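# Residue-level structural notes
Spelled out from the first residue to the last, the chains are:
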Amino acid sequence: MKSVIVGTAGHIDHGKTALVKALTGIDADRLEEEKRRGITIDIGFAHLELPTPKGEKLRLGFVDVPGHERFVRNMLAGVGGIDLVLLVIAADEGIKPQTREHFDICRLLSVRRGITVLTKSDAVDRETLDVVRLEVEEFLGGSFLDPAKSPIVAVSSLTGAGLEDLKHLLGEVASEIPARDSAAPARLPIDRVFTMKGFGTVVTGTLVSGSIQKEEELEVFPTGRRTRVRGVQVHSHAAEKAVAGQRTALNLAGVSTEELARGMMLAVPGTFRASKRIDVSLTLLKSAKPLKDRARVHLHAYTSETIAEVRVYGKKQIAPGEEALAQLRMDDAALLLPGDRFIIRQFSPVITIGGGTTLDAATVPQEKMPDVQRFLQVLGEGDPQSVLVARIERRAAKGISAPELIAETGWTDALVTGRAAAVIQGGAVLRLGDHFVAKTAFDSLTHEVAAQLESFHQRNPLVPGISRRELHDLVGSPEEVFSGALISLVKEKRVELPGDVVRLAGRGVVMKDEEAESKKTIEEAFSSAGLAVPALNQVLGGLKIDKARAQKIVTLLLRDRILIKISDELVFHRDALDQLRRQLTSYKTKSSKIDVGKFKELTGVSRKYAIPLLEYLDRQRVTRRIGDQREIL
Ligand SMILES: Nc1nc2c(ncn2[C@@H]2O[C@H](COP(=O)(O)OP(=O)(O)OP(=O)(O)O)[C@@H](O)[C@H]2O)c(=O)[nH]1
Ligand SMILES: [Mg+2]
């Protein structure tokens, strides 16, 4: 059965609660104080089943709101999830301040359908009713409640006159309202929290998207607490699950009432992040004063309420009646997703001055994204594929994963995957491992990698390449994106990957003539010396090139294992050490043991060389020290 949420709106005492009672039989004023004072203070609830014109059954959930100007914030907590508004205007009073304010709020929240109800028709004569009707028609002209497309009906809750007409109209209008998206991730803004004997913690709210089942785990926003759904009630009846568009009560396990409050939101766990900054499209009412950049306002979204600073993009202020892009910096974090509507009220005196649509709640600092306005324009236009590409482009070479995209957009996994496949097919986006990267960003990344390599080669002509790790650190970006860039450069034959170093194709060690000559000199000095090696400094001192370059050549020779360093002071040519090994092998045929004296004799080196050489041979497991002797292995 389809569910539609109907909200009342209108000035104090215009008969909203009486109308809901006349329609449903339920008194939505549930507080003792409300009954005593005869006014509504907080939102109240009722429900009704109605047939549609086609004979299907419809379930209407009513949210009855207070008309008193002091309780507009409670009205705002109730109006966030409604599909259809009953704008209530008493025939004996006509349009009053909260008629206008509530009507403005409905427009700003983009409530799409409604019925205008002229109540207390019994209290006025025909002519007065006609005059009020004319006044109301003029007031509504051009709005979503324009009399040309939306009905106006006169009723009396006292005599019952017009109520059957109204029920009929309700069935008609409600049946035209598209069902809310029950496949989307579940979100339930909490409007009431209480305990019930034998049940424990209970919360209520209008399920604005998705569905919630018994035993499901949910996350509380913004606190991040986890809770389990012990029981579900829909429109006051026990149910297995609640779906989007239903008045929902949940019995929760694992949280106390102190940990919950109106304004918090329950949502699927581990998917979203609460945020203190949202980028929005903001409309200022014609009746408001100009809104200055950095003004502080009261921000209402669904049932939540906080103070926010308005940062207007590209302007000093927003003019009355104007729409502008802005960032709202909130005192308290809330879970908001693109498309979520909100209302702003002047800081003081508190009156409704505007509202708008959340475009992005995953904001990045403006310095990192200079063309934020263009980005927000694309989000505002709402074409899903353009939105997706813009969100991926925004992350540049860092890319963005599917779970992050779900968190940013509120789209289902299937929608993200499907839309991503389309933009990948179109060539605007690449998928690298778990990351989506814009083609443009990927191209600049490969460009950057090549530029870093070029600069490395220039700075290090004597080094064959940069280590992969070092290059990755220089470039940043997730491993799989970096890998993708390397692979693509290798495919284009612009880069080579010998071992774990990276170099530009055909580059590597580039030696100038004098360097090549010096390298030869060093190598020869050591190879001709055998084990009676010269001091390294002495060799380097005799070269034509400067010390730093000479040192690099030595590093190169050591890395290529042409020279081998056996102690801080001693460097040998590898041929000399190979020769030494062979000498020991042949000595072993005479004796398996050798002492320092014998070693000196065999090799012709002094003690200064003999000890480090033997220690080196021990490390190489050519010999093993046993007391004063070495065993040749
Ligand atoms: N004569 C007449 N009186 C009505 C009618 N509907 C409501 N009233 C009276 O008007 C007064 C206010 O009615 P409510 O339904 O409480 O008004 P409300 O709009 O809910 O008021 P708030 O919730 O405080 O904004 C009550 O005394 C009702 O009895 C009607 O159709 N005819
Ligand atoms: Mg009331």
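The rules we used
- Residues numbered from 1 in each chain as written.
- Chains lettered and ligands numbered in written order.
- Predicted model: local features only at pLDDT ≥ 70, side-chain atom pairs only at ≥ 80, totals over all residues.
- Heavy atoms only, no water.
- 1 Å grid on protein atoms, 1.4 Å probe; cavity = no way out; pocket = protein on both sides within 12 Å on 5 of 7 lines; lining within 4 Å.
- Points joined across faces, edges and corners; volume = space filled by probe spheres on them.
- Helix = DSSP H or I, 4+ residues; strand = E, 2+ residues; numbered from the N terminus.
- Nonpolar A, V, L, I, M, F, W, Y, C, P; charged D, E, K, R; others polar.
- Pairing = 2+ DSSP bridges.
- Contact = heavy atoms within 4.5 Å.
- Axes fitted to C-alpha atoms, helices over the stretch in contact; angles between N-to-C directions.

### A short note on the layout of surface pockets
Roughly 1,500 Å³ of volume is contained in the largest pocket. Along its surface, the largest pocket is lined by 50 residues, and Tyr-302, Pro-338, Gly-339, Asp-340 and Arg-341 are the ones closest to its centre. At the level of elements, α3 (72-79), β18 (296-301), β21 (323-334), β22 (341-346), β23 (352-360), α7 (372-381), α8 (384-394) and α10 (413-425) are the ones that each hand at least two residues to the lining of the largest pocket. Counting residues per element, the lining of the largest pocket draws most heavily on α7, at 4 residues. Split by residue class, the lining of the largest pocket holds 25 nonpolar, 14 polar and 11 charged.

### A few points about the sheet that holds strand β25 (residues 429-432)
The strand order across the open sheet built from 3 strands is β24-β26-β25, with neighbouring strands paired in antiparallel fashion. Each edge of the sheet is formed by a strand with only one pairing partner; in this case those strands are β24 (400-401) and β25. One ladder, built from 2 bridges, connects β24 with strand β26 (residues 435-438); its direction is antiparallel. In the sheet register, Ile-400 faces β26, and the bridge partner there is Phe-436. Here helix α11 (residues 439-459) sits on the sheet and contacts β25 and β26; the angle it forms with β26, its principal contact strand, is near 85 degrees.

### Some points on the pairing of β21
By the bridge criterion, 8 bridges tie strand β16 (residues 275-284) to β21 in an arrangement that is antiparallel. Note that in β21 the partner of Arg-277 across the bridge is Arg-329. In terms of strand pairing, strand β19 (residues 304-312) meets β21 through 5 bridges, oriented antiparallel. Across the sheet, the residue bridging to Arg-311 is Gln-327, located in β21.

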